[in-house]
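One letter stands for each residue in the lines below.
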Amino acid sequence: MDVLSEGGTLWAVVCGFLPFEHANTNKLYEKIIKGQFELPPFLSRKARDLLKRVLCTDGARRLAVGPILQHTWCVGDAPVDELTGEATPRGGPPTAPADAPVDVALLETLEQRCSYSAAEVAAELAEGKH
């Protein structure tokens, strides 16, 4: 996996813009090669630390996938395994309670805009396949 480029993707998702931008392509490449970026002030200390470490241009110092997944920004307040000292991964994406009502308007939007069958999506939700 190319951690540096994935770091750029993470930056874009978290910040809403790319870490390296310049109208001149040569200047853009220079910024990428030198690792010149400005961290937005709205980022948390943990997010700032992670982004600096995945966008590090020195491959020997750049975080690998394992340490990224164990970074405090990724695990947050996940419990720590007493034997290994590593954070226990969270249980996956949040899920709605089994008895939560289905949002009919959202199902209609999915059907109209994305061509999903509202009936099939509702059935899969009822079966816990979401």
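Residues numbered from 1 in each chain as written. Predicted model: local features only at pLDDT ≥ 70, side-chain atom pairs only at ≥ 80, totals over all residues. Heavy atoms only, no water.

J.: Just checking my understanding: could you explain the packing of helix α6 (residues 104–114) against helix α7 (residues 118–126) for this structure?
T.: Helix-helix packing: each pair is described by the crossing angle between the helix axes and the interaxial distance. The interhelical angle for the contact between α6 and α7, taken along N-to-C directions, is 135 degrees, at an axis separation of 9 Å. As judged from the angle between their axes, α6 and α7 are oblique. Every pair of crossing elements has a handedness; the one defined by α6 and α7 is right-handed. Contacts between α6 and α7 involve Leu107, Leu110 and Glu111 from the first element and Ala118, Val121, Ala122 and Leu125 from the second. In terms of residue class, the contact of α6 with α7 is built from 6 nonpolar, no polar and 1 charged. (Axes fitted to C-alpha atoms, helices over the stretch in contact; angles between N-to-C directions. Helix = DSSP H or I, 4+ residues; strand = E, 2+ residues; numbered from the N terminus. Parallel < 35°, antiparallel > 145°, perpendicular 65-115°, else oblique. Left-handed = near helix turned anticlockwise from the far one by under 90°. Contact = heavy atoms within 4.5 Å. Nonpolar A, V, L, I, M, F, W, Y, C, P; charged D, E, K, R; others polar.)

J.: Got a minute to help me understand the packing of aromatic side chains in this structure?
T.: The geometry of an aromatic ring pair is captured by two quantities: the separation of the ring centres and the angle between the planes. Enumeration according to the criterion identifies 3 aromatic pairs in this entry. The interplanar angle of 75 degrees and the centroid separation of 5.3 Å between the aromatic rings of tryptophan 11 and phenylalanine 37 together place this pair among those described as edge-to-face. One end of the pair, tryptophan 11, is in helix α1 (residues 3–15); the other, phenylalanine 37, is in the loop between α2 (25–34) and α3 (45–54), with 26 residues separating them in the sequence. On the numbers, 5.8 Å between centres and 80 degrees between planes, the contact of phenylalanine 20 with phenylalanine 37 is edge-to-face. You can see phenylalanine 20 sitting in the loop between α1 and α2 and its partner phenylalanine 37 sitting in the loop between α2 and α3, a full 17 residues away along the chain. Linked through ring pairs, Trp11, Phe17, Phe20 and Phe37 together constitute an aromatic cluster. (Phe/Tyr/Trp six-rings, centres within 6.5 Å; stacked < 30°, edge-to-face > 60°.)

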